[in-house]
Amino acid sequence: MNNYIVILAAGKSKRFHNKIAKEFYIYKNKEMIDHSIEKSLNSKLFKKIIVVSNNPNRLKKKGYPKLVKIIKGGKERSDSSLNALRYIKKFKPNNVLIHDAARPNFSINLLRNLINKLKKNKAVIPYILPTDSIKYKSQGQLFNLNRDKTLLAQTPQAFKFKDLYNLSLKKNETITDESTLFIENDYKIFFIKGENKNKKITYLDDVKIHKTTFGIGFDIHKLKKNKTLYLGGTKIPFHSGLQGHSDGDVILHAITDAILGAIQKKDIGTYFPSNKNQYKNIRSPKMLKPIIENLYKNNFSINNLDINLICEKPKVSKYRNKIIKSVSNLLNLDKKRINLKGKTVEKLGLIGKEKAIACEVITSITNYD
Ligand code: ZN
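These numbers were taken from a predicted model, which means no experiment stands behind them. Every chain is numbered on its own, with residues counted from 1 as its sequence reads. Given that the model is predicted, a residue must reach a pLDDT of at least 70 before its local features are reported, and side-chain atom pairs must reach 80 or more before they are shown or counted; all residues, however, enter totals for whole chains, interfaces and linings. Excluding hydrogens and water, the side-chain figures rest on all heavy atoms present in the structure.

Visitor: I tried to follow the packing of helix α7 (residues 250-262) against helix α10 (residues 316-331) on my own but got confused; where do I start?
Guide: Each pair of packed helices can be summarised by the angle the axes make with each other and by the distance between the axes. Orientation is described by axes fitted as lines to C-alpha atoms, over the contacting stretch for helices, and by angles from 0 to 180 degrees between their N-to-C directions. For the purposes of this entry, the term helix denotes a DSSP run of H or I that reaches at least four residues, the term strand denotes a run of E that reaches at least two, and both are numbered from the N terminus. For the pair α7 and α10, the least separation of the axes is 12 Å and the interaxial angle reads 45°. It follows from the interaxial angle that α7 and α10 lie oblique. When you trace α7 past α10, the crossing you get is right-handed. Residue-level contacts link Ile251, Leu252, Ile255 and Ile259 of α7 to Ile323, Val327, Leu330 and Leu331 of α10. For the contact of α7 with α10, the residue count by class is 8 nonpolar, no polar and no charged. Oblique is the label for any angle not covered by the other classes, which are roughly parallel (under 35 degrees), roughly antiparallel (over 145) and roughly perpendicular (65 to 115). By definition, turning the near helix anticlockwise from the far helix through less than a right angle yields a left-handed crossing, and turning it clockwise yields a right-handed one. Two residues form a contact once any of their heavy atoms are found within 4.5 Å. Just so you know the grouping, Ala, Val, Leu, Ile, Met, Phe, Trp, Tyr, Cys and Pro go in nonpolar, Asp, Glu, Lys and Arg go in charged, and all remaining residues, Gly too, go in polar.

So this is what it looks like as C-alpha cells:
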C-alpha cells in the first residue's frame, strides 16, 4: 500500500453564492470537507491524506489524525494540485488519487475499485452518463453531441504518481480535472462506472435542505341516533351519526388540525368558527378543501398521515379501505401514504358506551420551496 490522496478544497466557490466557503458549509451534519477526509481515513487505504485549502489554519485547528496533512492552495486548481504532488514526492508514492472536496457523497468502495484498477493502468477515472442533451458550440456554430458517446468525468481520479507528476510539471493551461492532462498527452485512460450520488456540489441549491415538520390533530364528537355518520368524508352505515356544528366528521377535523399544526397555522376553529351560522351543517370536505389547496399551492407535500379512530363500533377493519380511498381523493394523496388504525376503549366511558367517537392524527409535511 503506497497510496496517497489529495483532497482539493481551495476553490473560490464563486458559483456557490454563500458567505461561508463551500468546504466549510454544513452538509449532512458536518462541514462538507470532513466527508471526504473521514471516508479517506476510514478506508485505511492511504499513507497520507493531503488537504489543500485556502484556509489551512482553520483546518489545522480541527485536530485531524497525523496522516492528514494540510497545505496551502495555489492560484488555480492545477497549482493547488501541483503543490500537493510536490509535497508527497519525497515519500516516493506509487499511486495518487485526486479528489474534489465538493463531492462528499462518494463511497469507500469506489476508492478501493480505483486503486485496484491502477495495478494495470496509469489513470483510472470514474464517469457517469449524461441525462441531458448536449450541444457543443465552436466558432459561432452549434453541434449536437451524441449523448451515448459522451462521458461525464467525476473524482476521485486515480493515477500512477510518476505520470501525473510529470504531466503536471509541463502543463501550461487551466484545467478542470487531472484526466485532462492525460487526454491531451494521448495517455490511455481506464474508465470505470462512477456513482450517480457522487454529484458535485456547485450551487447553494444543490444542498438546500427541504424542511419537514410534524402536526398533530385530535377531535371528538357525540353520537346521535338516526343521523348520517360521516367518517373521512364518506358515509358509513351505522345506527347513529356524529353531532356537531358541521357534519361532525372526526377524521377530517383531526386531519385538518394536524395539517394546520404542521404548517403552524393555528386550528380549524380559527377558519371555521362554530359560532358563525354560515358554517352550520357544513360538510367537512368543504372546510378541508381550501386548506389543502393552499397547502399545495405553497409547495408543501404531505409525506404521510397516521390516523387512530377511537370507537367501539363501527368496526374499522370493515370500512378501512372505503375511508382511506375517500381521504386519498380529498387530499389528492396516494393511498399508500395513509394509515388508519382502529382502537377500542374496553367499553369504558362515553366512547365505550357508543355515545361518542374520537380521532387522533399525526402527519409529516415537507416544504419544497
Ligand atoms: Zn370536529
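From this point, the discussion proceeds with the structure in view.
Visitor: Can you walk me through the packing of aromatic side chains in this structure?
Guide: The relation between two aromatic rings is expressed through the spacing of the ring centres and the mutual angle of the planes. Two rings from Phe, Tyr or Trp (for Trp, the six-membered ring) form a pair when their centres sit within 6.5 Å of each other. Planes less than 30 degrees apart are called stacked, planes more than 60 degrees apart edge-to-face, and all others tilted. One pass over the structure, following the stated rule, counts 8 aromatic pairs. Summarising the aromatic geometry, the rings of Tyr4 and Phe91 are spaced 5.9 Å apart at their centres and angled 15° between planes, so their arrangement reads as stacked. Here Phe91 lies in the loop between α3 (77-89) and β6 (95-100) and Tyr4 lies in strand β1 (residues 3-9), a separation of 87 residues in the sequence. Between Phe161 and Tyr165, the aromatic rings sit 5.4 Å apart at their centres with planes inclined by 15°, giving stacked as the arrangement. Linking Phe161 with Tyr165, this pair stays in helix α5 (residues 161-170), spanning 4 residues, or about one helical turn. As far as burial versus exposure is concerned, Phe161 and Tyr165 are alike and both buried. An aromatic cluster is defined as three or more aromatic residues linked by ring pairs; in this entry it consists of Tyr4, Tyr87 and Phe91. A cation over an aromatic ring shows up here: Lys39 above the ring of Phe106, its NZ or CZ 4.7 Å from the ring centre. Positioned over the ring face of Tyr127 is Lys193, at 5.4 Å from the centre of the ring. Only protein chains enter the accessibility calculation, which uses a 1.4 Å probe. A residue is then buried if its area is under 20% of the maximum for its type, exposed if over 50%, and partly exposed in between. Note on criteria: charge over ring means Lys NZ or Arg CZ within 6 Å of the ring centre, with the direction from the centre no more than 35 degrees off the ring normal.

Visitor: Help me understand the nonpolar core in this model?
Guide: A general trend in soluble globular proteins is that nonpolar side chains are found buried together. Buried Ala, Val, Leu, Ile, Met, Phe, Trp, Tyr and Cys residues form a nonpolar core when they are joined through side-chain atoms within 4.5 Å. If you look at the biggest cluster of nonpolar residues, it comprises 43 residues, and the most contacted ones within it are Ile251, Ile255, Leu309 and Leu331. Elements represented by at least two residues in this core include exactly β14 (229-231), α7, α9 (284-297), β17 (300-310), α10, β18 (338-343) and β19 (356-367). Setting aside anything within four residues of it in sequence, one finds Leu309 in contact with Leu231, Val250, Ile251, Val316, Leu340, Lys341, Gly342, Lys343, Ile357, Ala358 and Cys359.

Visitor: In this structure, what is going on with the coordination of the zinc ion? I would like to understand it.
Guide: Metal coordination angles have textbook ideals: 109.5 degrees for a tetrahedral set of four donors and 90 or 180 degrees for an octahedral set of six. Within the protein, the zinc ion binds to Asp219 (OD), His221 (NE2) and His253 (ND1); these donor distances fall in the range 2.0 Å. Listed donors are limited to N, O and S atoms within 2.8 Å of the metal, widened to 3.2 Å for Na, K and Ca; water is not among them, so incomplete-looking sites are possible. Expressed as a motif, the donor residue spacing for the zinc ion is D-x1-H-x31-H. Within this pair, whereas Asp219 is found in strand β13 (residues 211-225), its partner His253 is found in helix α7, the two being separated by 34 residues in sequence. Here Asp219 matches His253 in class, with each residue buried.

Visitor: Where do I start with empty space enclosed by the protein in this structure?
Guide: If you roll a probe as big as a water molecule over the atoms, it shows you where there is empty space left. Cavities and pockets were defined on a 1 Å grid built from protein atoms only: a cavity is a group of points that admits a 1.4 Å probe but offers it no way out, a pocket is an open group of points flanked by protein on both sides within 12 Å along at least five of seven lines, and a lining residue is one with an atom within 4 Å of any such point. Grid points are joined across faces, edges and corners, and a volume is the space filled by probe spheres set on the points. Taken as a whole and assessed by the stated rule, the structure comprises 1 cavity of 30 Å³ or more. The space that makes up the largest cavity amounts to roughly 40 Å³. Looking at the lining of the largest cavity, the element that brings in the most residues is α3, giving 3 residues. For the lining of the largest cavity, a count of residues per class yields 3 nonpolar, 3 polar and 2 charged.

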